[in-house]
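Coordinate inspection notes
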Amino acid sequence: MNPVYILTLSCPDRLGLVHAVSGFLLEHAGNIEEAAQYNDEDTGLFFMRVQFACAQATHEELNGHLSVFAQPFEMQWRLHARAQPMRTVIMVSKEGHCLNDLLFRWKSGLLPIDIRAIISNHREFYQLAASYNVPFHHLPITAATKAQVEARQYEIIQTEAAELVVLARYMQVLSDDLCRKLSGAAINIHHSFLPSFKGAKPYYQAHDRGVKLIGATAHYVTANLDEGPIIEQDVARVDHSKTVEDLTTLGRDTESQVLARAVKWHSEHRVLINGHKTVIFK
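Quick look at the structure, then. (Residues numbered from 1 in each chain as written. Predicted model: local features only at pLDDT ≥ 70, side-chain atom pairs only at ≥ 80, totals over all residues. Heavy atoms only, no water.)

**Some remarks on the overall build of the chain**
- Each helix and strand in the chain was counted, giving 8 helices and 13 strands.
- For 282 residues, the compact-globule estimate of 2.2 N^0.38 gives 19 Å, and the C-alpha radius of gyration of the chain, at 21 Å, lies within 12% of that figure.
- In the chain, the share of contacts with a sequence separation of at least 24, taken over all contacts with a separation of at least 6, comes to 67%.
- Accessible area for the chain stands at about 14600 Å²; split by element, carbon and sulfur atoms hold 50% of it.
- Treating the 27 positive side-chain charges of the chain as one cloud and the 31 negative ones as another, the clouds have centres 5 Å apart. (Helix = DSSP H or I, 4+ residues; strand = E, 2+ residues; numbered from the N terminus. Rg over C-alpha atoms; globule rule 2.2 N^0.38 Å. Contact = heavy atoms within 4.5 Å. Areas by Shrake-Rupley, 256 points an atom, 1.4 Å probe, with all protein chains shown as cover. Lys, Arg positive; Asp, Glu negative; His and termini not counted. Charge placed at Lys NZ, Arg CZ, Asp CG, Glu CD.)

Okay, structure coming up:
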């Protein structure tokens, strides 16, 4: 079978961009299998994702040709080999529902990722990691050791050549420095009660206030806590009959599903960052 690539790009909007990209791929014997584009009238930017098969040029050759092609259009672009799963590191604390869900989906072939390591500030999930044959790094953290621990975390991420870091209920705030290093490559999940219900027991607060909707948000990590570009959200309706335990269970299920969708779309190169928002070609 011919190698399949995914090209993602953004640039200032202008006439003829789709024609230009299609013509470039035709010139290099690329057969388009899937294409989507969007022009943001507010920012004047154009976004595009193209999946194409190409047997007459290597990945390296296409990168070289694209570098020349993109310059006149001021394009920001990336070329990915679809067959290459995204190398991923997962970070987790004491709640393992998202971690367990991602591991199962990965091993079931439902996510195009390659989980290279799990990092945790607690020991709870070392046996779960071992059952999937994934290296587990226990790195306890305190205010006094935060800088040293984050340096070690980033060393692991670099050693594994990870393209994606997933904070699967990792309950430590990353430093501004680590957030910048992982810009556009780290996804976090949290309950959608923020900022109304903060703290360790949001579902208790939600139950006490009689909420009618609970949910979850997956977003990119930025130095502004829980304010990064949103990738996916979902909600579930509840009523007075639901206990705190019911809300917690439903909330965890929603968190797992939302995070899985965000990871899937990111690892399929369907998410393009547009300032403090995202463009998602589903």
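Here the narrative resumes, following the displayed structure.
**Considering the packing of helix H3 (residues 97-107) against helix H8 (residues 244-267)**
- Closest axis-to-axis distance for the H3/H8 pair is 9 Å, and the angle between their directions is 45°. Accordingly, the angle class assigned to the pair H3 and H8 is oblique. The handedness of the crossing between H3 and H8 comes out as right-handed. Contacts between H3 and H8 involve His97, Cys98, Asp101, Leu102 and Arg105 on the former and, on the latter, Arg252, Glu255, Ser256, Gln257, Leu259, Ala260 and Val263.
- Of the residues contributing to the contact of H3 with H8, the split by class is 5 nonpolar, 3 polar and 4 charged. (Axes fitted to C-alpha atoms, helices over the stretch in contact; angles between N-to-C directions. Parallel < 35°, antiparallel > 145°, perpendicular 65-115°, else oblique. Left-handed = near helix turned anticlockwise from the far one by under 90°. Nonpolar A, V, L, I, M, F, W, Y, C, P; charged D, E, K, R; others polar.)

**Some details on the packing of aromatic side chains**
- Scanning all chains against the criterion turns up 3 aromatic pairs.
- Centre to centre, the rings of Phe69 and Phe73 are 5.2 Å apart; their planes meet at 45°, and the pair counts as tilted. Note on accessibility: Phe69 and Phe73 belong to one class, buried.
- Three or more aromatic residues joined by ring pairs make a cluster, and in this case those are Phe24, Phe69 and Phe73.
- Over the ring of Trp106 we find Lys107, and its NZ or CZ is 4.6 Å from the ring centre. (Phe/Tyr/Trp six-rings, centres within 6.5 Å; stacked < 30°, edge-to-face > 60°. Buried < 20%, exposed > 50% of the residue type's maximum accessible area, 1.4 Å probe, protein only. Lys NZ or Arg CZ within 6 Å of the ring centre and 35° of its normal.)

**Quick notes on helix H1 (residues 17-27)**
- For H1, the complete set of buried residues consists of Leu17, Ala20, Val21, Phe24 and Leu25. The buried side chains of H1 occupy one side of the element, clustering within an arc of 130° when seen end-on. Opposite the buried face of H1, at more than 90 degrees from it, the exposed residues are His19, Leu26 and Glu27.
- The secondary structure elements touched by the buried residues of H1 are strand S1 (4-12), strand S2 (30-40), strand S3 (45-54) and helix H2 (59-70).
- Looking one or two residues past H1, Ala29 carries a phi angle of roughly 60°, positive in sign. (Arc of directions from axis to C-beta.)

**Topic: the pattern of salt bridges**
- All chains considered together, the criterion is met by 15 salt bridges.
- With a shortest N-O distance of 3.3 Å, Asp114 and Arg116 are connected by a salt bridge.
- Linked through salt bridges whose partners overlap, the residues forming this network are Glu34, Arg49, Lys264, Glu268 and Arg270. (Salt bridge = Lys/Arg side-chain N within 4 Å of Asp/Glu carboxyl O.)

**Considering the side chain of Asp40**
- Examined against the element boundaries, Asp40 turns out to sit in strand S2.
- No salt bridge forms around the buried Asp40; measuring N to O, its nearest opposite-charge neighbour Lys277 is 4.4 Å away.
- Residue contacts for Asp40: discarding those within four places in its chain leaves Leu45, Phe47, Asn274 and Lys277.

**Details of the sheet that holds strand S10 (residues 213-220)**
- Spatial strand order, S7-S6-S5-S8-S9-S10-S11: 7 strands in an open sheet with mixed pairing. Each of the sheet's edge strands pairs with one partner strand only, and the pair in question is strand S7 (136-138) and strand S11 (230-237). Looking at each pair of strands side by side, their axes are set apart by 20° on average, direction ignored.
- In the sheet, strand S9 (residues 186-191) pairs with S10 via 5 bridges, with the strands oriented antiparallel. Looking at S10, one finds that Ile189 is bridged to Ala218.
- Of the strands in this sheet, strand S5 (86-92), strand S6 (113-120), S7 and strand S8 (164-167) are in contact with helix H5 (residues 146-159), which crosses S6 at around 165°. (Pairing = 2+ DSSP bridges.)

**What to know about the sheet that holds strand S4 (residues 76-81)**
- Reading across the sheet, the 4 strands line up as S2-S3-S1-S4 and stay open at both edges, with antiparallel pairing between neighbours. At either end of the open sheet lies a strand with only one pairing partner, and these are S2 and S4. Taking the axes of each pair of neighbouring strands and ignoring which way they run, one obtains an average angle of 10° across the sheet.
- Summarising the sheet, S1 and S3 pair through 9 bridges and their orientation is antiparallel. Residue Cys11 lies in a different strand from S3, and its bridge partner there is Phe46.
- Along the sheet, H1 contacts S1, S2 and S3; its crossing angle with S3, the most-contacted strand, is approximately 20°.
- Packed onto the sheet, H2 meets S1, S3 and S4 and runs at close to 165° relative to S4.

The values reported here are purely geometric and, on their own, carry no functional implication.
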